[in-house]
Amino acid sequence: MVAAVIDRKKAGVDVRVQLNAARSGGDRANDETYEQFQRAGVAVQWSNPKFYVTHEKSIVVDEKAALVATFNLMEKYFTLTRDYGIITDNPTTSRRWRSIQRRLGASRLGLQRL
């Protein structure tokens, strides 16, 4: 997944990533991924430490389609767990979700700015 995000960045796609600094158990699992994204020039930031875990995933493509989900993009979340997601190809909904993403950015949630 990290390689795919970096490939999209290299292809000129506006890619932004927010990672949890720690897992729910407190161990740090994303430091290496954060550094990989930084080296590749991907806009990456830590999620707000005020929240235990930010367990939301969203992808907006060209403000024409959007996915908002609870699952991680790994096989077990499609075969072993119960998670949910919504996909819309309604451009109005997708633009609104992008607007929400922007409003929930660093200044609003106290996230580390790049």
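In case you missed it, the structure is sitting above this.
All residue numbers refer to positions counted from 1 along the written sequence of the respective chain. Whole-chain, interface and lining totals are the exception, using all residues; otherwise, since this is a predicted model, local features are given only for residues with pLDDT of at least 70 and side-chain atom pairs are given and counted only at 80 or more. To get the side-chain values, take all heavy atoms of the structure and skip hydrogens and water.

Engineer: Would you mind showing me how to read the overall build of the protein chain here?
Structural biologist: Put simply, DSSP H or I for four residues or longer makes a helix, DSSP E for two residues or longer makes a strand, and each gets a number counted from the N terminus. Along the backbone of the protein chain there are 5 helices and 5 strands. Along the protein chain, from the amino end to the carboxyl end, the secondary structure elements read α-β-α-β-β-β-α-β-α-α. With a 1.4 Å probe rolled over the protein chains alone, any residue whose accessible area is under 20% of its type maximum counts as buried; one over 50% counts as exposed, and the rest are partly exposed. Buried residues in the protein chain amount to 24% of all 114 residues. It only takes one pair of heavy atoms within 4.5 Å for two residues to be counted as in contact. Here the contacts in the protein chain between residues at least 6 apart in sequence split such that 53% fall between residues at least 24 apart. We get accessible surface area from the Shrake-Rupley algorithm with a probe of 1.4 Å; when it comes to residues, only the shown protein chains can shield them. When the accessible surface of the protein chain is summed, it comes to about 8200 Å², and 52% of that surface belongs to carbon and sulfur atoms.

Engineer: Would you explain the environment of serine 58 in this entry?
Structural biologist: Along the chain, serine 58 falls in strand β3 (residues 57–61). For serine 58, a relative accessible area of 23% corresponds to the partly exposed category. It is 9.7 Å that separates the C-alpha atoms of serine 58 and isoleucine 87, two residues lying 29 residues apart in sequence.

Engineer: Could you clarify how one ought to interpret the packing of helix α1 (residues 2–10) against helix α2 (residues 31–39) in this entry?
Structural biologist: The packing of two helices is summarised by the inter-axis angle and the distance between the axes. As a rule, the C-alpha atoms of each element are fitted with a line to give its axis, helices using only the stretch in contact, and angles between N-to-C directions run from 0 to 180 degrees. Following both chains from N to C, one finds α1 and α2 inclined at 15°, their axes separated by 10 Å at the closest point. One way to sum up the angle between α1 and α2 is to call them roughly parallel. Every pair of crossing elements has a handedness; the one defined by α1 and α2 is right-handed. Of the residues in α2, those touching α1 at Val2, Val5 and Ile6 are Thr33, Gln36 and Phe37. Residues are grouped as follows: Ala, Val, Leu, Ile, Met, Phe, Trp, Tyr, Cys and Pro are nonpolar; Asp, Glu, Lys and Arg are charged; all remaining types, including Gly, are polar. For the contact of α1 with α2, the per-class residue count stands at 4 nonpolar, 2 polar and no charged. Each angle is binned into one of four classes, with values under 35 degrees roughly parallel, values over 145 roughly antiparallel, values of 65 to 115 roughly perpendicular, and all other values oblique. Crossing handedness follows the turn of the near helix against the far one: under a right angle anticlockwise gives a left-handed crossing, and clockwise gives a right-handed one.

Engineer: Would you explain the nonpolar core in this entry?
Structural biologist: Where a protein is soluble and globular, its nonpolar side chains tend to be buried together. To form a nonpolar core, buried Ala, Val, Leu, Ile, Met, Phe, Trp, Tyr and Cys residues must be joined to one another through side-chain atoms within 4.5 Å. In terms of nonpolar packing, the biggest core is built from 10 residues, these being Val5, Ile6, Val15, Val17, Leu19, Tyr34, Phe37, Val42, Val44 and Trp46. Elements with a contribution of two residues or more to this core: α1, β1 (16–19), α2 and β2 (43–46).

Engineer: Sorry if this is basic, but what is going on with the side chain of threonine 33 here?
Structural biologist: If you trace the backbone, threonine 33 turns up in helix α2. Owing to a relative accessible area of 17%, threonine 33 belongs among the buried residues under this scheme. When residues no more than four places from it in sequence are discounted, the contact partners of threonine 33 are Val2 and Leu19.

Engineer: Got a minute to help me understand the packing of aromatic side chains in this structure?
Structural biologist: Here a pair means two rings of Phe, Tyr or Trp (six-membered ring of Trp) with centres within 6.5 Å. Their orientation is stacked below 30 degrees between planes, edge-to-face above 60, and tilted elsewhere. Under the defined criterion, the tally for this structure stands at 2 aromatic pairs. An angle of 10° between the planes, with centres 4.3 Å apart, marks the rings of tyrosine 34 and tryptophan 46 as stacked. Of this pair, tyrosine 34 sits in helix α2 while tryptophan 46 sits in strand β2, and the two are 12 residues apart along the sequence. With respect to burial, tyrosine 34 and tryptophan 46 carry one shared label: buried. Taken together, a centroid distance of 4.9 Å and an interplanar angle of 55° make the contact between phenylalanine 71 and phenylalanine 78 tilted. Note on phenylalanine 71: relative accessible area 11%, which makes it buried. Lysine and arginine charges are scored as sitting over a ring when NZ or CZ, respectively, is within 6 Å of the ring centre and within 35 degrees of the ring normal. Between arginine 28 and the ring centre of tryptophan 46, over which it is positioned, the NZ or CZ distance is 5.3 Å.

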